[in-house]
Each structure stands twice: as C-alpha cells, then as structure tokens.
Amino acid sequence: MARFSPLVLALALLAPVVTAFTVQRTPSFVRKHAGATTVSMALGDADEPIVLIGVAADSGCGKSTFMRRLVQNFGGSNVGPLGGGFGNGDGWETNTLVSDDVTVICLDDYHLNDREGRKVTKRTALDGAENNFDLMYEQLAALKSGKSIKKPIYNHVNGTLDTPEEIKPTNIVIVEGLHPFYDERVRELMDFSVYLDISDEIKFAWKIQRDMEERGHSLESIQASIESRKPDFDQFVGPQRAYSDLVISVLPTDLVADDVGKTLKVKMIQREGVDNFDPVYLFDEGSTISWVPCGKKLTCSFPGIKFAYGPDVYFDKEVSVLEMDGKFDNLQELIYVESHLSNTATKFYGELTQQMLKLSDAPGSDNGTGFFQTLCALKIREIYEKITSKKVAADPISA
C-alpha cells in the first residue's frame, strides 16, 4: 500500500481541482539574426526569477490545508508526490510535492540525525542543533538560482534518513516546516514569509479532541506530550514570528465561553512596508474598524460573527491586523464580506468566495483560518506576478 506524508497526501488530493489557473510565461529565449545580439533567459536568472516562499508552523497547525489552498493558485493539472511516491513503480517515500509550476519542500528533510540518532543526542527535532542549516542554505540558494539539487529525505514512517532525491527548479518553490526563518542565511533567501500561529489553548483543545476522543489517550498523557515539546518550541520555533511578513494567529473566541476550540478568533497580521505586498484592509485603510455583519445578507447562528481591522505593532514592527471571530453558516454568502475588503488580490468579483467554495470540505473552511489562508494564498499569487512580471490567468467559469 502506498504511503505518503500527510502533506503530500493532502496536496495530491487537490489534483482534480487545480485547473483554474495557468501561468502565462515569457518566451524562454529571444533571438535576433543578421549579427544582432542573442538574448537568452533561463529559470533562475534575473529576467526569469524563481520565487521562494517560506511557511513556518508547528506540527498539527494546518500547514497541509494551507498548502492545498496555495498550490490551488498555481498547480496546473499535474499535482502529486515527486516520483509518484512509495509503491508507485519506481517511486519512493517522499515528502516533496511537485506540479507544473510549484515545488513544495518539507524542511524535515534537513534533520541532522534520524530518529535513533536523536535518542543519542537527547534532542528533539524542534532543537535548532538537530537541523542541517548549512546544507539547507546551500541547496535552497542553488535551487533559487536555477540549479537542480540532491535533497535528503527524512522518512516519517520509520524515522530514517533515506537516499537523496533530485529536485529540479520550478517557477515557485515553497518550503514548509519548523525552521524556515531560523537561520539568517536561509531567511534572506525568502521572497515572502508566512507563520501559522496556533495559541496554546487551541493546540490543547484540538489535541484533546484528536488524541482523547479519537485515539483513546488520557488527559494526563496529552498534557505531558504538549508540555514536553513546549520549551523547545518556545526557544527555536516561536521566535520566527518576528521575522514573518504575515502571521495567521488562531486564538480562543471572545464571543462565547468555549474550551473545546469549536469557535475561533483568527487574526491576519500583515507587516507594513514589505516589498511587493500591500496589506488587505476592511472599509477604510488605516482606520480602526469593528463590524458585525450578521443580518439580511449574512446568515449567522449563535454566537455570530465579528470582524475587526486596524493598525498595531507586532514584535516592534508596524502591522495592519484583520480579524474574524466566529464562523460562517453559508459560504455562498461570503461574497458579502468579500465586497467590503480591499487589496485582496482577486482577479474578478467573487474570486475569494470561489476559492473558499472549492475547498469547502477542508478544515477551517467555515471560519477565519480558511478565510485568511485563502486571502494569503491570493496575495502570494500577486507577489509572484510582481516579482516575475508574469500573469497567472484565473478562470471565473469554474466558480
């Protein structure tokens, strides 16, 4: 039976719907005869740049779902694990997803030691010392310059470091994992950086739901598991929020008492002054807004929905914060909220709503996690277009 990492499996399931966009490329070369100069452009050159996006998050924080929303904007018709994955002819156990224009690399592949090795060092994979940042920087720099690399593979099934795989450059390279912004050299390679931040209260509520209700674990064992990881997370992973261009922060709701995480308050924290990025705003840019849209145009069951927007300071940097508390009853009505947002990077009226509907069965599609992940994905498409001077064609017919 084929075995894939959760991320690769989730993204491979997206293949049937990733047909709405095609990248309009410039010619690979321009040639003039009769003694004129020949101009060549290769992927990775200044005239044909490769866009590198970083996504940081702890395990179980929604990276797989976010990757589905992001790749949906670029994936073309061929989405799947590199080489076809384990059990598919000549395939192998891989964490890498590839499509026509996108490569998604899991940074777990740069673990310094395998599972047995970490037992010897007595360090967790969250510890910066357990990751090979020299190789990570060297290979991502090479890939960004248009060169193929031989990337290691961390096998999540048996905890081993497997035979390296060849990664060829594509128009967009997304790196996701625990430490994409930990090393300054790697951080400087990024064209845009995103951090998915789940509060301790929500992590605990979600883990209880999954491990206690679905797997039969005790409350004490769940608490011990969370507490054992917390020191390393706080030291090595959490500080990367300070280096992120956009943070999606998932918090407990303010609308009602809820200790099981069924209703969420989600913030999209957008750094000001980032190249090629204009923050999304509600109603009036730079103002402080509180909006309860429930009424004739937006169905809201208890406890309702509340939006907020305004300027703030985050890790000593000026930011704009867009906030949603509550969840949608009917995604079709999301277009009412969309019509009050600006700088969304949509290409036609209702595209944001369309993108949400495409993945309506994905986790978070009825609340701010899916809403802001989708907005972020559209903004990354816009960043790609600005950097490369290429256009990604949208297809409103599939709405």
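If you're wondering where the values come from, they're calculated on a predicted model, not measured in any experiment. Along each chain, numbering runs from 1 in the same order as the chain's sequence is written. Local features in this predicted model are restricted to residues of pLDDT 70 or higher, and side-chain atom pairs are both shown and tallied only at a pLDDT of 80 or more, whereas totals for entire chains, interfaces and linings draw on every residue. With hydrogens and water stripped out, all remaining heavy atoms of the structure feed into the side-chain values.

A.B. asks: Give me the lowdown on the sheet that holds strand β5 (residues 80–81), citing residues and values where you can.
C.D. replies: A strand pair is defined by DSSP finding two or more bridges across the two strands. We count a stretch as a helix when DSSP gives it H or I for four or more residues in a row; a strand needs E for two or more, and each element gets its number in order from the N terminus. Reading across from one edge, β5-β6-β7-β10-β4-β11-β12-β13-β17-β16-β15 is the order of the eleven strands in this open sheet, with mixed pairing throughout. The two strands at the open ends of the sheet, each matched to only one other strand, are β5 and β15 (289–291). In this structure, β5 lies alongside strand β6 (residues 97–98), joined through two bridges in antiparallel fashion. Bridge assignment links P81 to a residue of β6, and that residue is L97.

A.B. asks: Can you tell me about the pattern of salt bridges, naming the residues and giving the values?
C.D. replies: We define a salt bridge as a side-chain nitrogen of Lys or Arg found within 4 Å of a carboxyl oxygen belonging to Asp or Glu. Within the structure shown, the criterion is met by 18 salt bridges. In this structure, the salt-bridge partner of K144 is D191, at a minimum N-O distance of 2.6 Å. Highlighted residues: K144 in helix α4 (residues 133–144) and D191 in the loop between α5 (184–189) and β11 (192–198), separated in sequence by 47 residues. Through salt bridges that share partners, D58, K203 and R229 make up one connected network.

A.B. asks: Could you give an account of the pairing of strand β12 (residues 246–252), naming the residues involved and the relevant values?
C.D. replies: Burial classification: accessible surface area is computed with a 1.4 Å probe over protein chains only, and a residue below 20% of its type maximum counts as buried, one above 50% as exposed, and the rest as partly exposed. For β12, a buried count of five out of seven residues is recorded, marking the element as mostly surrounded by other parts of the structure. Here five bridges tie β11 to β12, and the two strands are oriented parallel to one another. In the strand pairing of β12, D197 is matched with S249. Summarising the sheet, β12 and strand β13 (residues 264–271) pair through seven bridges and their orientation is antiparallel. Bridge assignment links V250 to a residue of β13, and that residue is V266.

A.B. asks: I'd love a proper account of the pairing of β11, names of residues and values included.
C.D. replies: Counting buried positions over the seven residues of β11 gives seven, a clear majority of the element. Here β11 shows a buried face lined by F192, V194, L196 and I198 and a second buried face lined by S193, Y195 and D197. Note that strand β4 (residues 51–56) and β11 share four bridges and pair parallel. Residue pairing for β11: I53 is matched across the bridge by F192.

A.B. asks: Break down the environment of D183 for me, with residues and values.
C.D. replies: Structurally, the position occupied by D183 is in the loop between β10 (172–177) and α5. On the basis of relative accessibility, which here comes to 13%, the residue D183 falls in the buried class. For the pair D183 and Y137, spaced 46 residues apart in sequence, the C-alpha separation works out to 8.4 Å.

A.B. asks: Now, about the confidence of the model for the protein: what can you tell me, with residues and values included?
C.D. replies: For every residue, the pLDDT score states the predictor's confidence, bounded by 0 at the bottom and 100 at the top. Confidence in the prediction for the protein averages 85 pLDDT; 83% of positions are at 70 or higher. Throughout, a contact is declared for two residues whenever any of their heavy atoms are within 4.5 Å. Confidence drops under pLDDT 50 across residues 9–39; counting only partners more than four residues distant or on other chains, this segment forms 69 contacts.

A.B. asks: Please set out helix α9 (residues 351–358) residue by residue, giving values where relevant.
C.D. replies: Among the eight residues that make up α9, seven are buried, leaving the element largely enclosed by the rest of the structure. Buried within α9 we find E351, L352, T353, Q354, Q355, M356 and K358. On its buried face, α9 sits against α2 (63–71), α8 (334–338), β18 (341–342) and α10 (368–388).

A.B. asks: Describe in detail helix α7 (residues 219–237), supporting the description with residues and values.
C.D. replies: Compared with an ideal rise of 1.5 Å per residue, which puts 19 residues at 27 Å, α7 spans 25 Å between its outermost C-alpha atoms and is within 8% of the ideal. The bend reported for a residue corresponds to the angle between axes fitted to the seven residues ending at that residue and the seven starting there. Along its length, α7 shows its largest kink, about 35°, at K230, and proline P231 lies within four residues downstream of that point. Restricting attention to buried positions, one finds in α7 the residues I222, D232, F233, F236 and V237. What a helix should span is 1.5 Å times the count of its residues minus one.

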